[in-house]
Protein chains: 2
Amino acid sequence: MNRKRNCDDDTREFKSKNLEVERRRREKLSRRLLMLRSINPIITNMNRGTIIVDAITYIEKLQDEVQSLSQQLHQMETTSEETAEAKIDEVEAVENMKNWGIQAEVSVAQIDENKLWVKIIIENKRGGFSKLIQTLNYFGIELIDTHLTTIKGAFLITSCIQGKDGERLEINQTKNLLKDIINDM
Amino acid sequence: MNRKRNCDDDTREFKSKNLEVERRRREKLSRRLLMLRSINPIITNMNRGTIIVDAITYIEKLQDEVQSLSQQLHQMETTSEETAEAKIDEVEAVENMKNWGIQAEVSVAQIDENKLWVKIIIENKRGGFSKLIQTLNYFGIELIDTHLTTIKGAFLITSCIQGKDGERLEINQTKNLLKDIINDM
DNA sequence: ACCCACACGTGAGGC
DNA sequence: TGCCTCACGTGTGGG
């Protein structure tokens, strides 16, 4: 502890051998502390001790952030698994349609001045049919009576439709609308 | 630097006033370094300097992790917006059913020894109908002829079904299967 | 003057 | 032994 250097060492200063080594060590430690402070965006003070405290709190914050993010990501992945399955189903549906030589088709015929008869053959996309119905509903088209059959990856739909509020439906417009809807799926 | 204490201070050791204070400071710093080391799962050495280096590398790793996770989360959110829309549609569908007093319903009747007639009223879940069809298909049930109407957030389905390969269908089993499928949606 | 934080040089102990 | 790390007590400069 207390330096026991004798008082008789007169003028000649006796340097320890590890003087320079110790100096290097201190410098290295200081540089590393500055490094630690430089990558930490949250700094309260530039004291030697507060640098470490800030680093601790920053690490804890990052750990919480990682945990929270991975948690959110995990539950988002689990909820979107069915979407992935749907994608696979759609691919298989197209394959089936190709294998069986089924061609997509849209036919529209006039029944009377208010009603049209439509026949649609499309690939069996997951949710495609209900989306078709909803889209038609959005465009003011009401499905009165509908037949539907699924065969080997295809929807076969025949339906009697009319415009809401007695609005007249044009054959070509309706046909183009149906094609657009199917293409958008 | 060199202590200038006169050699005439004889036996009485003169303690600096900041001796204890400095001691507290050192202890505090050591404790904080141990804290920093304790929350760091990646430890190469327990040296004073390597503790800081490990903390730096750990912070950098955490930062990269946070960036990567938030990036993945962001692009997953953008791709799953449509799912959120579907959820909203489902909620609205249930609201509509409640507003119009439509009750979910499953009825099954026997047509002949091979065919059953079913009537189903369910909420208009996005993709629910095609999932119903696919699930029935998975359980070996074939839909021969199907009527479907959507009214105010509900599917009204009447269908003639039979078992594949001439397999007989029991009424109660089929009814329970349909209920299970609907509950799983 | 005081307080606080830091750097300094050195001895002790482990490998 | 030498090398390396740490704790110690103190001097010093800034607020």
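That block above? That's the structure.
Sequence order as written defines the numbering, with residues in each chain counted from 1. The lettering of chains begins at A and the numbering of ligands begins at 1, in the order of writing. This being a predicted model, a pLDDT of at least 70 is required before a residue's local features are given, and a value of 80 or more before pairs of side-chain atoms are given or counted; all residues contribute to the totals for chains, interfaces and linings. Side-chain measures here rest on the full set of heavy atoms in the structure, leaving out hydrogens and waters.

A. Structural context of empty space enclosed by the protein. All names here are of chain B. As defined here, a cavity is a set of points on a 1 Å grid over the protein atoms alone where a 1.4 Å probe fits but cannot get out. A pocket is an open set with protein on both sides within 12 Å along at least five of seven lines, and residues line them when an atom is within 4 Å of a point. Grid points are joined across faces, edges and corners, and a volume is the space filled by probe spheres set on the points. Counted under the stated rule, the structure contains three cavities of 30 Å³ or more. Computed from the structure, the largest cavity encloses a volume of approximately 50 Å³. Only DSSP runs of H or I reaching four residues or more are called helices, and only runs of E reaching two or more are called strands; each is numbered from the N terminus. Elements represented by at least two residues in the lining of the largest cavity include exactly strand E2 (115-123), helix H4 (128-138) and strand E4 (154-163). It is E4 that provides the largest number of residues to the lining of the largest cavity, a total of three residues. Residues were grouped as follows: Ala, Val, Leu, Ile, Met, Phe, Trp, Tyr, Cys and Pro as nonpolar; Asp, Glu, Lys and Arg as charged; and all remaining residues, including Gly, as polar. Of the residues contributing to the lining of the largest cavity, the split by class is eight nonpolar, one polar and no charged.

B. Focus on helix H5 (residues 171-184) of chain A. Residues and elements named next belong to chain A. Given the number of residues in a helix, its expected span is that number minus one, multiplied by 1.5 Å. Taking 1.5 Å as the rise per residue, H5 with 14 residues should run 20 Å; its terminal C-alpha atoms sit 20 Å apart, in good agreement. Note on exposure labels: buried denotes an accessible area under 20% of the residue type's maximum, exposed denotes more than 50%, and partly exposed covers the range between, all computed with a 1.4 Å probe on protein chains only. All of the buried residues along H5 are Thr174, Leu177, Leu178, Ile181 and Ile182. The buried residues of H5 occupy an angular sector of 130° when projected down its axis, which confines them to one face. Along H5, the residues that are exposed and aim more than 90 degrees away from the buried face are Asn172, Gln173, Asn183 and Asp184. Our arc is simply the arc of the directions from the helix axis toward the C-beta atoms.

C. Highlighting the pattern of salt bridges. Residue and element names in this part refer to chain B. One speaks of a salt bridge when a side-chain nitrogen belonging to Lys or Arg is within 4 Å of a carboxyl oxygen belonging to Asp or Glu. Inspection of every chain in the model, using the stated rule, returns seven salt bridges over all chains. Glu22 is paired through a salt bridge with Arg25; the nearest N and O atoms lie 2.9 Å apart. With a gap of three residues between them, Glu22 and Arg25 both fall in helix H1 (residues 19-38), about one helical turn apart. We classify Glu22 as partly exposed; its relative accessible area is 29%. Owing to a relative accessible area of 38%, Arg25 belongs among the partly exposed residues under this scheme. The partner of Glu105 in a salt bridge is Lys119, with the nearest N and O atoms 3.5 Å apart. With Glu105 in strand E1 (residues 105-110) and Lys119 in strand E2, this pair connects stretches of sequence that are 14 residues apart.

D. The side chain of Ser159 of chain A, seen in detail. All names here are of chain A. Looking at the secondary structure, you find Ser159 in strand E4 (residues 154-163). N or O atoms closer than or at 3.5 Å make up a polar contact, with two conditions inside protein: a donor-capable atom paired with an acceptor-capable one, and, for residues adjacent in sequence, both atoms drawn from side chains. Here Thr146 takes part through its side chain, which lies 3.1 Å from a polar atom of the side chain of Ser159. Residue contacts follow a heavy-atom distance rule, with two residues in contact if any of their heavy atoms lie within 4.5 Å. Residue contacts for Ser159: discarding those within four places in its chain leaves Leu116, Trp117, Val118, Leu143, Asp145 and Thr146.

E. Here's a closer look at the pairing of E2 of chain B. Residues and elements named next belong to chain B. Sheet analysis places E1 next to E2, joined by six bridges and oriented antiparallel. Note that in E2 the partner of Ala109 across the bridge is Trp117. Paired strands, in this sense, are two strands between which DSSP finds at least two bridges. Hairpin connection, E1 to E2: the antiparallel pair is bridged by four residues. Taken together, the nine bridges between E2 and E4 define a ladder with antiparallel strand orientation. Considered in E4, the bridge of Leu116 is made with Ile161.

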